[in-house]
Amino acid sequence: MTGTYPNTRLRRTRATGWSRALHRETLITPADLIWPLFVTEGAGVEDPIASLPGVSRWSVDGIVARAKEAVDLGIPVVALFPNTQPDRRSDDGAEAHNPDNLMCRAIRAIKDTCGDDIGVLTDVALDPYTSHGQDGLLDDTGYVTNDDTVAVLVDQAINQAEAGADIIAPSDMMDGRIHAIRMALEMGSHHNVQIMSYAAKYASAFYGPFRDAVGSGGLLKGDKKSYQMDPANSDEALREVEFDIAEGADSVMVKPGLAYLDIARRVKDTFGVPVFAYQVSGEYAMIEAAAAAGAGERDALVLETLLAFKRAGCSGVLTYHAPVAARLLNG
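Parameters and conventions
Numbers given to residues run from 1 along each chain, matching the order in which its sequence is written. In keeping with the model being predicted, local features are shown solely for residues with a pLDDT of at least 70 and side-chain atom pairs are shown and tallied solely at 80 or more, while totals for entire chains, interfaces and linings include all residues. Side-chain measures were taken over the full set of non-hydrogen atoms in the model, leaving aside hydrogen atoms and water. Starting at the N terminus, helices and strands are each numbered in turn, a helix being any DSSP run of H or I of at least four residues and a strand any DSSP run of E of at least two. A helix is expected to span 1.5 Å for every residue after the first. Each residue gets one of three labels from its accessible area relative to the maximum for its type: buried under 20%, exposed over 50%, partly exposed in between, using a 1.4 Å probe on protein chains only. Here an axis means a line fitted to C-alpha atoms, over the contact stretch when the element is a helix, while the angle between two N-to-C directions is reported on a 0 to 180 degree scale. In these notes the angle categories are as follows: under 35 degrees is roughly parallel, over 145 is roughly antiparallel, 65 to 115 is roughly perpendicular, and the rest is oblique. Helix crossings fall into two classes, left-handed where the near helix is turned counterclockwise from the far one by less than a right angle and right-handed where it is turned clockwise. For this analysis, residues touch if any pair of their heavy atoms sits within 4.5 Å. Each residue is assigned to one of three groups, with Ala, Val, Leu, Ile, Met, Phe, Trp, Tyr, Cys and Pro labelled nonpolar, Asp, Glu, Lys and Arg labelled charged, and all others, Gly among them, labelled polar. We define a polar contact as two N or O atoms separated by no more than 3.5 Å, with the added condition that, inside protein, one atom must be a possible hydrogen donor and the other a possible acceptor, whereas residues neighbouring each other in sequence contribute only through side-chain atom pairs. Whether two strands pair comes down to DSSP finding at least two bridges between them.

A. Representation of helix α4 (residues 147–163) within the structure. Taking 1.5 Å of rise per residue, the 17 residues of α4 would be expected to cover 24 Å, and the 25 Å separating its terminal C-alpha atoms lies within 8% of that figure. Looking at α4, one finds that the buried residues are Thr-149, Val-150, Val-152, Leu-153, Val-154, Gln-156, Ala-157, Ile-158, Asn-159, Gln-160, Ala-161 and Ala-163. Where α4 ends, the next residue or the one after it, Gly-164, has phi of about 120 degrees, a positive value.

Right, dumping it as structure tokens:
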């Protein structure tokens, strides 16, 4: 106990705006944000995503414009996710290691225009490229194989690194993929390419709009519970994170975000590494729906939820609200 009433009045420091600012424990700035963007084919294309109001798929030229916008807003990183056309999808996801695929074209275009003014984070997983919507290769029983999938993920990661990706972000949840990708990056002289591992990615009900955005939702056969984590588990998340750090991850991610703030805090307190959280599509859509229904004021909801991530120990947040939040934070 640090004091007693009335000698100590805890409301005293909350009485004025300047005092609240002076005593504020947690701050968020545009530099804490990563903006996820969806890439599609064509030129001059802006394709709104019905289940993600306010979010669109952009052709490569539009992605470059969004990257320039991010630079202007002070957002340091954009995260890219491709909407691969059905005729380029296959059971083995071979398009993932095509050096001229959507992802690689978008990476090169951003780096050619913006250089090192912005970082490019790229998703490593096969679900945007497979005809069955799973993150890996299937055996004859429909089970997602581990080691064969890892070999393909390594090729995908190197393909993205050679296109200019700054951060490789494996989201597949295969065992051992961080070590395999790190060794391949080292052998390929990509020493400064970071790995942000989706270390604690849960088999969540909050991913639906994202799957619509990348075109895998209607294709998915079965579920992803054999490789994504059980939402009931917390200790297991620490084991996953520990393995990924040992294997060469520079930072780790918890996904989804708001429903798993306890995991982010446990990871930060246990390992002291940079921890990021993904405010996923379902979380974004709920905020938009609440605001549209008059259940809350949108700007306040956006900033309060982002503060929750920071308060839980996150170094940064992947959020579709990044440009909205950055404008609010910039005044």
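B. Focus on the packing of helix α3 (residues 102–114) against α4. One can describe the packing of α3 onto α4 by two numbers: an axis separation of 8 Å at closest approach and a directional angle of 25 degrees. The angle between the axes of α3 and α4 places the two elements in the roughly parallel class. Considering only the axes of α3 and α4, their crossing is right-handed. For the pair α3 and α4, contact is made by Met-103, Cys-104, Ile-107 and Arg-108 and by Asn-159, Gln-160 and Ala-163, respectively. Partitioning the contact of α3 with α4 into residue classes produces 4 nonpolar, 2 polar and 1 charged.

C. Quick peek at the side chain of Asp-172. Note on placement: Asp-172 falls in the loop between β6 (167–170) and α5 (177–187). Accessibility expressed as a relative area gives 0% for Asp-172, which makes it buried. Of note is the side chain of Asp-172, whose polar atom sits 2.7 Å from the backbone nitrogen of Met-174. A distance of 3.2 Å separates polar atoms of two side chains, one belonging to Asp-172 and the other to Arg-177. Other than its neighbours up to four places away in sequence, Asp-172 contacts Val-124, Ala-125, Asp-135, Leu-153, Arg-177 and Tyr-227.

D. Highlighting the pairing of strand β10 (residues 316–319). Taking every second residue as pointing to the same face, both faces of β10 are buried, with Gly-316 and Leu-318 on one and Val-317 and Thr-319 on the other. Examined bridge by bridge, strand β1 (residues 33–39) and β10 share 2 bridges and lie parallel to one another. Bridging from a neighbouring strand, Leu-33 pairs with Val-317 of β10. Here strand β9 (residues 275–279) runs beside β10; their pairing, made up of 4 bridges, is parallel. Paired with Phe-276 across the two strands is Gly-316, which belongs to β10.

Just distances and angles here, no functional claims.
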